[in-house]
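Residue-level structural notes
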Amino acid sequence: MEVAAKFYVQFLPQLGFVREKHEPAPEGSSGEDFHTFYSADGDKPSEFFGFTIDKNHHPNGTRIAFRADTREKVNEIAKLVRKAGGKNLEGPEVCLEYSPGYYGFFFEDPDGNKLEVCCRESPVIAE
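The notes below deal with the structure included here. (Residues numbered from 1 in each chain as written. Predicted model: local features only at pLDDT ≥ 70, side-chain atom pairs only at ≥ 80, totals over all residues. Heavy atoms only, no water.)

Using the criterion set out here, one finds 14 aromatic pairs in the structure. Look at Phe7 and Phe107: their rings are 6.4 Å apart centre to centre, the planes differ by 55°, and that puts the pair in the tilted class. A residue pair is termed long-range when its members are at least 10 positions apart, and Phe7 in helix H1 (residues 2-8) and Phe107 in strand S6 (residues 102-108) qualify at 100 residues. Among the residues examined, Phe7 registers a relative accessible area of 2% and is labelled buried. Exposure remark for Phe107: the relative accessible area of 2% places this residue in the buried category. Taking the centre distance of 5.4 Å and the plane angle of 25° together, the rings of Phe105 and Phe107 count as stacked. Given a relative accessible area of 0%, Phe105 falls into the buried group. Among the aromatic residues, ring-to-ring pairing joins Phe7, Tyr8, Phe11, Phe17, Phe49, Phe51, Phe66, Phe105 and Phe107 into one connected group. (Phe/Tyr/Trp six-rings, centres within 6.5 Å; stacked < 30°, edge-to-face > 60°. Helix = DSSP H or I, 4+ residues; strand = E, 2+ residues; numbered from the N terminus. Buried < 20%, exposed > 50% of the residue type's maximum accessible area, 1.4 Å probe, protein only.)

Next comes the structure, spelled out in structure tokens:
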């Protein structure tokens, strides 16, 4: 957990996750401690990214994507991830096969989990 926290703290604040908190498992529960990065949204619910220790973890069961507002922000985060020791780096690059104007940087964290930071010229809006 310590390695993951040191990795993520190097770039998540640049994506708006500016509050970091290590939280012990609730007393009496069989759960694990967890570490969470929260976005700053005042008194409204906000986005968060958290992780726990999972002894049966298998990396790359899924991919997590973080949204950036601009290509410049994707490039900035890519530099931070490289400096933090991200693995299997791809991009930043335009990914025409995803959607027009999709620009992304793909990487793995120290535990081998797939992640990306991306922006879209034409955002997809859920209906």
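There's more to say after this.
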